[in-house]
Amino acid sequence: MDYLLTLSQSSLSPPQDFLPSTCLHLEAVEQLGAELDEWLTVSSLSGHEYTKAHQDFQLFSVSNDVLLVLKNNVFQSVYVSHGKLCCDCKTHHSHCDFTSIVQRSINSLENSANNPDSLAVMSDLLDTPITTNVLYQQKSISSHSLSLFCNPVSINQDCIMPSSCPVCGDGGAELVSAVVPFFDSFSISNKQLYHGRCKCGTTLNVDGYKEGVLNMGTYLVSHRLLAEYMMLFLQAGNSMYSFYELWGWRLMIENQSMQLRPSYSQFRLAWLSYLQLIEIKDEWFSCPHCGPHPNVVVCDGISLGYPKRYVRSNGSANAAEHILLKGNSSTDRTLGISAQVRKSVLKFMAKVDDVDVQSISSIAQGTCLEKIVTHASQANHIPDYWIDLLTNILKMSPITSVVNQQAIDDVVSLGSKLPDSRTIYVLQHNSPIFFNFAKYMCEEDCQLVLPICLRILEVFNKLQNHKPHDTGSAAEQHLCCLPMLPQLCGRGSYVADSLQPSKHSLSCSKVFHSSLTPGLFTLHCQHGICYGFQALDKVESPNTAFTIFRTRFPKAPSVIIYDNACHLHLYSLNRDPGFFKNTQFLVDKFHWKNHKGCSDAYNARLYPALAGVNTQVAEQSNSRLNRLRGTVSYMTECNFMKSVKLFVSYKNILQRATVGVKSSQEEEYVVRHRNIFGR
């Protein structure tokens, strides 16, 4: 072995200092054969005539996944690690002369009549998906699914036998036993564990479901112990290590030795195996009041991620992405007023001293603002309710944020007559900006506001003429956990996607951990039920919400409440205005104070119909998810997704009980939870 190590480091010193004068290949075979285990053989893959002029390297097979490469009288070992060819040369890099030689040899396999086994095996290893954590390759023998509501039983027998053969039903198979440690909440003992093989060839092992144990092969862990940690994880987000230490102190109090505990890695493996067996029902991710597709959606992001090194590639690309789909332009969704006119009118309303009133009247000619600007310049005064209206409709926010489908006819009617009580009521619930104007307007204002109303109607009708795009189909994304919202279609590829972002970036400005994924994006209904989450592989942006709504909803929700709703509205209309033309985008009450440049119509507080809706439900739910930060931030992608899914389903069960919806199992679980935690 020392000789092999010397060969692998030969690039650090001239090979002639230690290599024998006899044939290098024969000497290597003799030394390796004498010192390595019997199963290890060395054979040449390319013949012995390496001194020929046309051949400048030689390959030797040490084992199925290790090759020795001879080049320029230097030996190096090449092997496969994490899906890449690696070399033990001084560079310790996956790209060097030696790995290039092996890669070329592998690539030429299909053109060669004689395929060396070692090269074929290495080729298969390179094509095998990467396993990110070797520790968890060991799996539990237990495979029976476990209910979240099960009451763990206590095992009493010292001998644990497997059930009869599930294939042939024969129970007379010859069994062998082994003494394995059994870890319970308050004790550690030994159990006689039996296993064997049936006459039909089926392997018989103890699943442990009926006995209330998790069979890890070399040790047993009680369901009761794992369920205890599960409850502390769900209720308080306790870390696994803190529970492991607490369990050790409990054993010491019970006069049990802490040294007899399994290692922390073994306990962690048992918990992760137990986690994968827990059955989580899809129905827990839906609200019976709102149905499979809620009409009012509250969404938000949270910076709860897992290590980036565990990120796997996304699903297949959208089949229709080669077709660039067009959206809605800014002139088609606003009043069509130039930036010069908007700035001048806003300065005039702000009573800036250096504003030339006559110039404002001239540049406003031919626009829908001509009448009101001319009237205001002659009177040298503009009422406050006009200032409030013009300030909101002159912003770059889409007109559909100010007027929705239910209020458009009543808004247009303001240009011909004063509003009656019914019109006031409709405007109050659907267009608070025009509601504040209609409360104070007089007969003279009808003629002044008429051009504005007609322009709004024109913009609204153009938007209604748009049809939803055909975005094709796409495969399910593994980073998405939305059980009751399956993917119905693809996202599509849009002209706006190729445009450079504006100076006001739509991306999230939150600060993320440099080595963790950006976080999660969650969806809730107005009753507080979480419909699921999307794990982010990029920073949070309107694209996340747009993709979910466009691909998983047959019809866009009537109301979307989001802390970045103003940008999401623009993003959606730029791509698929036909799908989102009747959706109202609102900002929740907590985040509205941070919005300065968008229309007040995005403020959810102004809508009486939403007075009873908790617009901060997503923010509050995400604050509970923050308890998991110290536990799940070091997990692999699969374990992270399952842990968060378990936590969300648990909170949904409790929330479903508060809205009066729960199954018999949920009822039992909620009662047991309240008996333990008092709420």
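Note that the coordinates shown come from a computational prediction; the quantities given were computed from them, not determined experimentally. (Residues numbered from 1 in each chain as written. Predicted model: local features only at pLDDT ≥ 70, side-chain atom pairs only at ≥ 80, totals over all residues. Heavy atoms only, no water.)

Student: Teacher, can you tell me more about the side chain of His-223 here?
Tutor: The topology assignment puts His-223 in helix H5 (residues 223-236). For His-223, a relative accessible area of 5% corresponds to the buried category. Not counting the four nearest positions on each side in its chain, His-223 is found in contact with Leu-146, Pro-152, Gly-208, Tyr-209, Gly-212, Val-213, Leu-214 and Tyr-274. (Helix = DSSP H or I, 4+ residues; strand = E, 2+ residues; numbered from the N terminus. Buried < 20%, exposed > 50% of the residue type's maximum accessible area, 1.4 Å probe, protein only. Contact = heavy atoms within 4.5 Å.)

Student: How should the side chain of Gln-235 be read in this particular structure?
Tutor: With respect to the element layout, Gln-235 can be found in helix H5. The exposure class of Gln-235 is buried, given its relative accessible area of 10%. Of note is the side chain of Gln-235, whose polar atom sits 2.5 Å from the side chain of Tyr-650. (Polar contact = N/O pair within 3.5 Å; in protein donor to acceptor, adjacent residues only side chain to side chain.)

Student: Hey, could you run me through unusual backbone geometry in this one?
Tutor: We note that Asn-255 has phi near 65°; this positive angle belongs to a residue other than glycine. Along the chain, Asn-255 turns up in the loop between helix H6 (240-253) and helix H7 (264-277).

Student: What is the right way to look at the packing of H5 against H7 in this model?
Tutor: Helices that pack against each other are described as a pair by the angle of their axes relative to one another and the distance between those axes. Between H5 and H7, the shortest axis-to-axis distance is 11 Å and the interhelical angle comes to 85°. The angle between H5 and H7 places the two elements in the roughly perpendicular class. In contact with His-223, Leu-225, Leu-226, Ala-227, Tyr-229 and Met-230 of H5, H7 contributes Phe-267, Ala-270, Trp-271 and Tyr-274. Its residues assigned to classes, the contact of H5 with H7 shows nine nonpolar, one polar and no charged. (Axes fitted to C-alpha atoms, helices over the stretch in contact; angles between N-to-C directions. Parallel < 35°, antiparallel > 145°, perpendicular 65-115°, else oblique. Nonpolar A, V, L, I, M, F, W, Y, C, P; charged D, E, K, R; others polar.)

Student: Quick question: what am I supposed to make of the packing of aromatic side chains here?
Tutor: Two descriptors summarise a pair of aromatic rings, namely the distance from one centre to the other and the angle between the planes of the rings. Across all of its chains, the model carries 25 aromatic pairs by this definition. Between Phe-579 and Phe-580, the ring centres sit 5.0 Å apart and the planes meet at 75°, which makes this aromatic pair edge-to-face. Accessibility expressed as a relative area gives 1% for Phe-580, which makes it buried. Chaining the aromatic ring pairs together yields one cluster made of Phe-183, Tyr-219, Tyr-229, Phe-233, Tyr-241, Phe-243, Tyr-244, Trp-247, Tyr-264, Phe-267, Trp-271 and Tyr-274. The residue whose ring lies beneath Arg-261 is Tyr-244, and the NZ or CZ to ring-centre distance is 4.1 Å. One residue, Arg-575, lies across the ring of Tyr-571, its end atom 3.5 Å from the ring centre. (Phe/Tyr/Trp six-rings, centres within 6.5 Å; stacked < 30°, edge-to-face > 60°. Lys NZ or Arg CZ within 6 Å of the ring centre and 35° of its normal.)

Student: Whenever I open this one, the environment of Pro-557 confuses me. Can you help?
Tutor: Locating Pro-557 in the fold gives a position in the loop between helix H16 (542-552) and strand E20 (559-562). Classification of Pro-557 by relative accessible area gives buried; the value is 1%. Residues Pro-557 and Phe-580, 23 residues apart in the sequence, show an inter-C-alpha distance of 8.3 Å. If we skip the residues at most four places from it in the chain, Pro-557 touches Pro-294, Asn-295, Val-297, Phe-549 and Thr-583.

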